[in-house]
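These are the residues of each chain, in order.
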Amino acid sequence: MVELLQWNTPQLVEMAVTGQVSQPSVRQGGAHVHWPDGRAAVLPGMFGIAYNARVGDRAFGWAGDHVEPGVSIANATEAADFALHYLTCIGNEATVTTGLARGATGVVTGEHGRLLVDFAPEILEDMTVGDTVQIRAVGRGLSLTDYPEIEFKKTSPALAEAYGIRQENGQVICPVAMELPARIMGSGAELNSEYVDQDLMSGDRALMTELGIDTMRLGDLIAIRDVDHRFGRSFRPDWVAICICIHGDSIMTGHGPGILTLITGPADKLGFSVEPGANIARTLNIRSL
């Protein structure tokens, strides 16, 4: 039996936060990243404006490292930058407020070292490093009235509606593109799950192919069993996390595509169904796939 879900959306506070389009940065003497066998490479990926990487594109196969799709923004004031990270949710509307692209709108698609925003390709042509982007931040504190055990993180009301989640026999079911085993989750386990992502460990390429993980796309919804992402990202039997792939693969040991936490809860209350089309590019009507 499928039943309607009750959200606390009218209780949410909506606020403006801003950031500026970031330039890629490199530490002096620190441009190289290393393959597991010790070979070094200088590769693009983080920060700036990515003209040819967008949600819906592949997560694997780039000649880059930690490729961030779309536009990466940050605030130069540390406390304001933390507010940008903690208050903004996936699916929030973003508006360019300066420069040639002033008035253009986009959508928040992820959070990494910077906040990630998708704009249409023609808008990117008018954007420049330093442009200010203002976001209508709403979603922090989102919950399901009848499921207090389930915790939502980085989920806007727009994304909550677009998830396609359903309630069946006392359990919330979320469509996901694929499932990842907890044993391959790596760098980022030590971080606050409210802030930034966790990389899956993609160094075993044969395993990536065997499990079908190498078909992952930026923006895919992902499920992980036996993990509790309420306070960090820890192993916990009979718990589930629903996440989103927010950046591309990495050659670094212990790293790989980045997985940002969206929902977590006990498995008897939170479940999932594997549906290959479960990607925010499609569900948020960002682009056709």
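Please read all numbers here as calculations on a predicted model, not as lab measurements. (Residues numbered from 1 in each chain as written. Predicted model: local features only at pLDDT ≥ 70, side-chain atom pairs only at ≥ 80, totals over all residues. Heavy atoms only, no water.)

1. Remarks on the overall build of the protein chain
Counting secondary structure elements, the protein chain contains five helices and 19 strands. In terms of overall size, the protein chain behaves like a compact globule, its C-alpha atoms giving a radius of gyration of 18 Å where 289 residues would be expected to give roughly 19 Å. Structurally, the protein chain occupies a C-alpha span of about 55 × 45 × 35 Å along its principal axes. With 289 residues in all, the protein chain has 54% of them scored as buried. Summarising the internal contacts of the protein chain: among those between residues at least 6 apart in sequence, 70% fall at separations of at least 24. Here the protein chain has roughly 12700 Å² of accessible surface; of this, 52% comes from carbon and sulfur atoms. Put simply, the protein chain has 21 plus and 35 minus side-chain charges, and the middle of one group is 1 Å from the middle of the other. (Helix = DSSP H or I, 4+ residues; strand = E, 2+ residues; numbered from the N terminus. Rg over C-alpha atoms; globule rule 2.2 N^0.38 Å. Buried < 20%, exposed > 50% of the residue type's maximum accessible area, 1.4 Å probe, protein only. Contact = heavy atoms within 4.5 Å. Areas by Shrake-Rupley, 256 points an atom, 1.4 Å probe, with all protein chains shown as cover. Lys, Arg positive; Asp, Glu negative; His and termini not counted. Charge placed at Lys NZ, Arg CZ, Asp CG, Glu CD.)

2. Observations concerning the packing of aromatic side chains
Using the criterion set out here, one finds four aromatic pairs in the structure. Centroid distance W7 to F152: 5.2 Å. Interplanar angle 65°. Geometry classified as edge-to-face. Placement of the pair is W7 in the loop between β1 (2–3) and β2 (15–21) and F152 in strand β11 (residues 151–152), with a sequence separation of 145 residues. Residue classification places W7 among the partly exposed positions, given a relative accessible area of 22%. (Phe/Tyr/Trp six-rings, centres within 6.5 Å; stacked < 30°, edge-to-face > 60°.)

3. A word on the nonpolar core
Among the nonpolar cores identified, the biggest contains 57 residues, and I73, F119, M127, Y163, I242 and I263 are the most heavily contacted of them. A per-element tally of this core places strand β17 (residues 234–247) first, with four residues. In terms of nonpolar packing, the next biggest core, distinct from the first, is built from 19 residues, F60, I184, L200 and M216 among them. (Core = buried A, V, L, I, M, F, W, Y, C linked by side-chain atoms within 4.5 Å.)

4. Considerations on the environment of V96
With respect to the helices and strands, V96 occurs in strand β7 (residues 93–96). Using a relative accessible area of 1% as the deciding quantity, one classes V96 as buried. Along the primary structure V96 and M127 are separated by 31 residues, whereas in three dimensions their C-alpha atoms are 8.6 Å apart. Residue contacts for V96: discarding those within four places in its chain leaves A101, R102, G103, A104, F119, M127, T132 and V133.

5. Remarks on unusual backbone geometry
A positive phi is found at F47, a non-glycine position, where the angle reads about 75°. Looking at the secondary structure, you find F47 in the loop between β4 (40–42) and β5 (49–50). The buried category is assigned to F47, whose relative accessible area is 15%. The phi angle at N285 is positive, at roughly 55°, despite the residue not being glycine. Along the polypeptide, N285 turns up in the segment after α5 (280–283).

6. Side note on the pattern of salt bridges
According to the stated counting rule, one finds 14 salt bridges in the structure shown. Taken together, the shared-partner salt bridges connect R140, E151, K153 and E194 into one network. (Salt bridge = Lys/Arg side-chain N within 4 Å of Asp/Glu carboxyl O.)

7. Let's talk about the side chain of T261
Note on placement: T261 falls in strand β18 (residues 258–266). The exposure class assigned to T261 is buried, which follows from its relative accessible area of 0%. At 2.8 Å, the side chain of T261 forms a polar contact with the side chain of H229. A distance of 3.3 Å separates the side chain of T261 from the side chain of R233, its partner in a polar contact. Look past the residues within four positions of T261 in its chain and what remains in contact with it is K153, K154, S193, H229, R233, I242 and C243. (Polar contact = N/O pair within 3.5 Å; in protein donor to acceptor, adjacent residues only side chain to side chain.)

8. Re the state of the cysteines
Going through the model one piece at a time under the given rule, you end up with zero disulfides. Its sulfur unpaired, C174 is 10 Å from the next cysteine sulfur, which belongs to C243. Among the residues examined, C174 registers a relative accessible area of 0% and is labelled buried. (Disulfide = S-S within 2.5 Å.)

9. Some remarks on the side chain of H255
Structurally, the position occupied by H255 is in the loop between β17 and β18. Of the polar contacts made by the side chain of H255, one reaches the side chain of D199; its length is 2.9 Å. In this view, H255 contacts H66, S187, D199, L200, M201, S202 and S250; residues no more than four positions away in its chain are not counted.

10. Examining the layout of surface pockets
Any empty space left between the atoms is revealed when a probe the size of a water molecule rolls over them. Estimates place the volume of the largest pocket at around 840 Å³. What lines the largest pocket is a set of 36 residues, and nearest its centre among them are L43, G45, M46, D65 and H66. Of all the secondary-structure elements, those providing two or more residues to the lining of the largest pocket are β3 (32–34) and β5. A breakdown of the residues in the lining of the largest pocket according to their chemical character gives 19 nonpolar, twelve polar and five charged. (1 Å grid on protein atoms, 1.4 Å probe; cavity = no way out; pocket = protein on both sides within 12 Å on 5 of 7 lines; lining within 4 Å. Points joined across faces, edges and corners; volume = space filled by probe spheres on them. Nonpolar A, V, L, I, M, F, W, Y, C, P; charged D, E, K, R; others polar.)

Note that every value here comes from positions in space, so none of it alone points to a role or purpose.
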